[in-house]
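Structural overview
Residues per chain, in single letters:
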Amino acid sequence: MEDVCEGKDFSFPAEEERVLQLWSELDAFHEQLRRTEGGDEFIFYDGPPFATGLPHYGHILAGTIKDVVTRHQSMRGRHVSRRFGWDCHGLPVEFEIDKALGITNRQQVFDLGIGKYNETCRSIVTKYVAEWESVVTRTGRWIDFKDDYKTMDIKFMESVWWVFAQLWAKDLVYKGFKVMPYSTGCKTALSNFEAALDYRTVPDPALMVSFPIVGDADNAALVAWTTTPWTLPSNLALCVNANLMYAKVKDKSNGTVYIVAESRLGQLPVKAKASGKKQAPSKGSAAEVVQGGLDTESYDLLAKIPGSSLVGLKYTPLFDFFLELQESAFRVIADNYVTDDSGTGVVHCAPAFGEDDHRVCLAAGIVEASGLVVAVDDDGCFIEKISEFKGRHVKEADKDIISAVKDKGRLVSKGSIEHSYPYCWRSGTPLIYRAVPSWFVKVEKIRDQLLECNKQTYWVPDYVKEKRFHNWLEGARDWAVSRSRFWGTPLPLWISQDGEEIVVMDSIEKLERLSGVKVNDLHRHHVDDITIPSSRGPEYGVLKRVEEVFDCWFESGSMPYAYIHYPFENRELFEKNFPGNFVAEGLDQTRGWFYTLMVLSTALLGKPAFKNLICNGLVLAEDGKKMSKSKKNYPSPVEVINEYGADALRLYLINSPVVRAESLRFKRSGVYGVVKDVFLPWYNAYRFLVQNAKRLEIEGLSAFSPIDQSSLLKSSNVLDHWINSATESLVSFVHQEMDAYRLYTVVPYLVKYIDNLTNIYVRFNRKRLKGRTGEEDCRVSLSTLYHALVTTCVVMAPFTPFFTEALYQNLRKVSSKPEDSIHFCSFPSTTGERDERVEQSVNRMMTIIDLARNIRERHNKALKTPLKYVNSPYYLFL
């Protein structure tokens, strides 16, 4: 073994760079794969990130979890293919191109040409691939970047087509309208998951608007409350709750009669006196002035009306844009989604712009699904039909709409409200809710199967599965899988002009056979112009592809099949090893990737997509806020690695609450703490071994060669017996915890083990290790320490791949059959040679030592003088 420097002179980052060079020379990752080929497959699914940004701590955390598990499984003899994946399609890419090209509406894309637009998208997809490979490699993660998969590859896209075709064959696909979160900034609908990514507390107008009831004896008007004035031009109904009591009241100042929920009377505006000052309370008691929330100085109570009695009443439309619907629309309907905990108990319904509005208006026959007019275009502007505001963006038109309502004498009150509102996570613009035509997967039809498949999976932590994910599945709704965009996998649907004939392509071969066209790319600009003849005859014309592309979540949910081009290739590999063994991502993926994986696997095969899952929490800045590049409230990962080393960062993340799906406030000092509390003591034990092994040669004795472990087990020394047992316990514990995917329990156990190794075995064996009790005893002690260190390094190699490799490369020089890399070693098998009685005795001794240390520290701190040792067995521990 070569001599080593002191801990204070050992550079962890510099040593890691040397290890990277060694791995490169050995082609270590691929060599590990070659050595395990033929072993049991351990199938790991790596969720594809977008390549349009650089990796952050969240990526490093998830990558470390994946690396620890897959390295460990490889050391257990399993063959673990690890291919990096890239999410290439969808909103993030298109948004970057829209900014670069100054595109603000869909027509500009058509003017440019879909082909040119898509090829520009393709050109930036791999913009940061080199940076990703550099950072991921530097963190110690072993994964194949050369044999990666991309969702834009033709083979991946073909498998996505096959997945959709299977759903179609199972009658799990239909076309319909759905009110969805819609980004006017990105001109696309978003999934509910995406819509929840960026909520902001913002002010919005809060209006009360009157809707005069046709034929009412008192000329009463229902009063509705809204925070979205731009939806008022599309009002087609008012909704009440049939089970609530409503009140008809008369404004004493002008004789106007209003109807609102009885419990919401206090929300009606109170008129000020002519002086302009707030009306003073009368001499009567407060109870006399305000009865049931009604200000009796401002209003007279005329009647109480059951909500059920209001149903069917007609009212005067606010605008005349939809007068052609006069027969069915502009009447009162009822539903239990109307509550009396806010507003007026009367909801204005614009069926194209609210999910509940859409549902209740269809159910009540206000509109038919086929006849629904969406008065806002893809760019978020009013269409020609809304003549007074045509071409105006809905949010910009709010003020003028309020003015128009006021001019019509229908504005009861105007105020402002601060509330939490969803924003587009990509463009930073407020979302609107808008009815969009979409192709849906019938998730509700398989909801019970989803819940059953979820029971077959194992999650860490389990409460995420049992509560968060279970609840999400329990409320699962049909999934809109299509998007009216350009850069994505096109839906494989070819439809005749009369809509009577639909052909679903499940392969490139089928498209080529039916169309007679050679297909080399499946993107829109390559397949949109391909037609197929009608099977009914030439008089029926040709079938053309629908315009939509897949939601990129459908693509990532198809990953278990598409990344190996199933079923066109690797059929045996897939069918023997599905569900996959392991996935790991962040908590937000319970409504994202974990969900889409589960939906598609359940629908296709009646199985979950994975067996085991680790769900991590969020990595926040030290102040508990979201990490922000603009605020610069966190150190860059590369900076931290260059200062403390990747192993320290890995261990810091793995040993934190974030691996239990809780949040972590990232602290640079926490990474330093790992170096100080874990790596330096570990290194010092290793250095002590090397120095004393080298001393044998300096003293003219034969070079150190470790005695075999079977002989060492016969040692009569109690501390040898103890450390052998403790090392065996470490192996057994890590084996057990890794089988249970509890990574967070391993580091505390290791820290305790190394503390015992340095503070008990090394400290109380100094004489033996230094040869003062004879050469033979010295070699036994050194060999025991050697085997403990080698075993610890092998066990911990998946967690700290650099440090363990560095130690191993020196330790292996005195071994008879060394592997070229520690990562080629097999995980130690347990021998069963444990003595719990000895371990417990030493643990009790360590407890006393810790207590003594604490007493000494408190004494020294209090008296500011060192506590002198005395001739007492107790103080011998100090």
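The name an unreviewed UniProt entry assigns to the chain is isoleucine--tRNA ligase, from the organism Zizania palustris. The record held by UniProt for the chain lists under Catalytic activity (unreviewed entry) the comment "tRNA(Ile) + L-isoleucine + ATP = L-isoleucyl-tRNA(Ile) + AMP + diphosphate".

Digging into the overall build of the chain
A count of helical and extended segments in the chain gives 31 helices and 28 strands. Taking the principal axes of the C-alpha coordinates as reference, the chain spans close to 115 × 90 × 45 Å. In the chain, which comprises 878 residues, the proportion classed as buried is 55%. Element-wise, carbon and sulfur atoms account for 49% of the exposed surface of the chain, whose accessible area totals about 37,900 Å². Across the chain, 107 positive and 113 negative side-chain charges occur, with their mean positions spaced 6 Å apart.

Overview of the sheet that holds strand β8 (residues 245–251)
Taken together, six strands build an open sheet; the order of strands is β12-β8-β9-β6-β5-β15 and the sheet is mixed. Only two strands of the sheet have a single partner each, and these edge strands are β12 (299–306) and β15 (411–422). Taken over all neighbouring pairs, the strand axes of this sheet differ in orientation by 30 degrees on average, direction set aside. Across two bridges, strand β6 (residues 221–226) lies against strand β9 (residues 257–261) in parallel orientation. Its bridge partner being in β9, A221 is matched across the sheet by Y258.

With respect to the side chain of H79
Here H79 shows up in the loop between α3 (57–75) and β1 (83–86). Setting aside residues up to four positions removed in sequence, H79 forms contacts with L33, T36, E37, G39, D40, E41 and F42.

Concerning the pattern of salt bridges
Per the counting criterion, the structure on display carries 59 salt bridges. D46 is the salt-bridge partner of K66, the closest N and O atoms lying 2.7 Å from each other. In this pair, K66 is assigned in helix α3 and D46 in the loop between α2 (28–36) and α3, connecting sequence segments 20 residues apart. Its relative accessible area of 4% is what places K66 among the buried residues. Measuring nitrogen to oxygen at the nearest pair gives 2.6 Å for the salt bridge that ties R668 to E639. Residue R668 is located in helix α24 (residues 668–698), and its partner E639 is located in helix α22 (residues 637–644); the two are separated by 29 residues in the primary sequence. Among the residues examined, R668 registers a relative accessible area of 27% and is labelled partly exposed.

A few points about a positive patch on the surface
A contiguous patch of positive charge on the surface is contributed by R763, R766, K767, K770 and R772. For K767, a relative accessible area of 56% corresponds to the exposed category.

Digging into the sheet that holds strand β22 (residues 532–533)
Pairing is antiparallel across the open sheet formed by four strands, whose spatial order is β21-β20-β23-β22. Both outer strands of the open sheet, β21 (502–504) and β22, are each paired with one neighbouring strand and no more. Bridge count for β22 against strand β23 (residues 542–545) is two bridges, and the pairing is antiparallel. Note that in β23 the partner of P533 across the bridge is V542.

Quick notes on the packing of helix α14 (residues 447–455) against helix α15 (residues 462–474)
Two elements in contact, α14 and α15, have axes whose closest approach is 9 Å; the angle formed by their N-to-C orientations is 165 degrees. Classified by the angle between their axes, α14 and α15 sit roughly antiparallel to one another. Considering the relative orientation of α14 and α15, their crossing is right-handed. When α14 is examined against α15, the residues R447, L450, L451, N454 and K455 are found in contact with a partner set consisting of K465, F469, H470, L473 and E474. Here the residues of the contact of α14 with α15 sort into four nonpolar, two polar and four charged.

Concerning the nonpolar core
Grouped together as the largest cluster of nonpolar side chains are 103 residues, with contacts concentrated most on I614, W682 and L743. For this core, the element with the highest residue contribution is α24, accounting for 14 residues. If near-sequence neighbours (up to four positions away) are discounted, I614 is found in contact with I65, V69, V460, F582, V583, A584, E585, V659, Y741 and L743.

Thoughts on the packing of aromatic side chains
Throughout the structure, instances matching the rule amount to 57 aromatic pairs. Grouping aromatic residues by their ring pairs yields a cluster made of F10, F12, F679, W682, Y683, Y686 and F803. When the ring centre of F802 is taken as origin, the NZ or CZ atom of R138, which lies over that ring, is 5.6 Å away. Positioned above the aromatic ring of Y744 is the side chain of R660, whose terminal nitrogen or guanidinium carbon lies 5.3 Å from the ring centre.

Thoughts on the pairing of β8
Counting buried residues in β8 gives five out of seven residues, a clear majority hidden from the surface. Bridging between β8 and β9 involves five bridges; their strand directions are antiparallel. Bridged to A247 within β9 is V260. Hairpin connection, β8 to β9: the antiparallel pair is bridged by five residues, and G255 has positive phi, about 80 degrees.

Concerning the environment of L61
Among the structural elements, L61 can be located in helix α3. Along the sequence, L61 and Y149 sit 88 residues apart, while their C-alpha atoms lie 21 Å from each other. The residues touching L61, leaving out its near neighbours within four places in the chain, are N616, G617, V619, L653 and V658.

Describing the packing of α15 against helix α21 (residues 593–605)
Interaxial distance between α15 and α21 falls to 11 Å at its minimum, and their mutual angle equals 50 degrees. As summarised for this structure, α15 and α21 are arranged oblique, according to the angle between their axes. In the packing of α15 onto α21, the handedness of the crossing is right-handed. Together, F469, W472 and L473 of α15 and F594, Y595 and M598 of α21 make up the contact between the two elements. Along the lines of polarity and charge, the residues of the contact of α15 with α21 split into six nonpolar, no polar and no charged.

Regarding unusual backbone geometry
Each neighbour pair has its own omega, and for Y566 with P567 the value is 5 degrees, a cis peptide bond. Mapped onto the secondary structure, P567 falls in the loop between α19 (559–562) and α20 (571–576). Cis geometry is found at the peptide bond from F578 to P579, where omega equals 5 degrees. Structurally, the position occupied by P579 is in the loop between α20 and β25 (580–586).

Remarks on helix α7 (residues 129–138)
Looking only at α7, the buried set comprises V129, W132, V135, V136 and R138. A positive backbone phi angle near 95 degrees is found at G140, which sits one or two residues after α7.

Some details on the confidence of the model for the chain
With 93% of its residues at a pLDDT of 70 or more, the chain has an overall mean of 90. Every residue in residues 273–291 scores below 50 in pLDDT, and together they form 18 contacts with partners more than four places removed in sequence or on other chains. Overall, residues 869–878 carries pLDDT values under 50, and its contacts beyond four positions in sequence, including any with other chains, amount to 16 contacts.

Observations regarding the pairing of strand β26 (residues 610–616)
β26 sits mainly inside the fold: six of its seven residues count as buried. Note that strand β17 (residues 458–460) and β26 share three bridges and pair parallel. The partner of Y458 across the bridge, within β26, is N612. As defined by bridge partners, β25 adjoins β26 across six bridges and the pair is classed as parallel. In the strand pairing of β26, F582 is matched with N612. Assessed by its sense of winding, the connection that carries the chain from β25 through α21 to β26 is right-handed.

Parameters and conventions
- Residues numbered from 1 in each chain as written.
- Predicted model: local features only at pLDDT ≥ 70, side-chain atom pairs only at ≥ 80, totals over all residues.
- Heavy atoms only, no water.
- UniProt positions renumbered as here; feature names shortened; annotations may be inferred.
- Helix = DSSP H or I, 4+ residues; strand = E, 2+ residues; numbered from the N terminus.
- Buried < 20%, exposed > 50% of the residue type's maximum accessible area, 1.4 Å probe, protein only.
- Areas by Shrake-Rupley, 256 points an atom, 1.4 Å probe, with all protein chains shown as cover.
- Lys, Arg positive; Asp, Glu negative; His and termini not counted.
- Charge placed at Lys NZ, Arg CZ, Asp CG, Glu CD.
- Pairing = 2+ DSSP bridges.
- Axes fitted to C-alpha atoms, helices over the stretch in contact; angles between N-to-C directions.
- Contact = heavy atoms within 4.5 Å.
- Salt bridge = Lys/Arg side-chain N within 4 Å of Asp/Glu carboxyl O.
- Patch = residues over 30% accessible without salt bridge, like charges linked within 9 Å, V, L, I, M, F, W, Y side chains within 5 Å.
- Parallel < 35°, antiparallel > 145°, perpendicular 65-115°, else oblique.
- Left-handed = near helix turned anticlockwise from the far one by under 90°.
- Nonpolar A, V, L, I, M, F, W, Y, C, P; charged D, E, K, R; others polar.
- Core = buried A, V, L, I, M, F, W, Y, C linked by side-chain atoms within 4.5 Å.
- Phe/Tyr/Trp six-rings, centres within 6.5 Å; stacked < 30°, edge-to-face > 60°.
- Lys NZ or Arg CZ within 6 Å of the ring centre and 35° of its normal.
- pLDDT = per-residue confidence, 0-100.
- Right-handed = clockwise from strand over helix to strand, strands pointing away.

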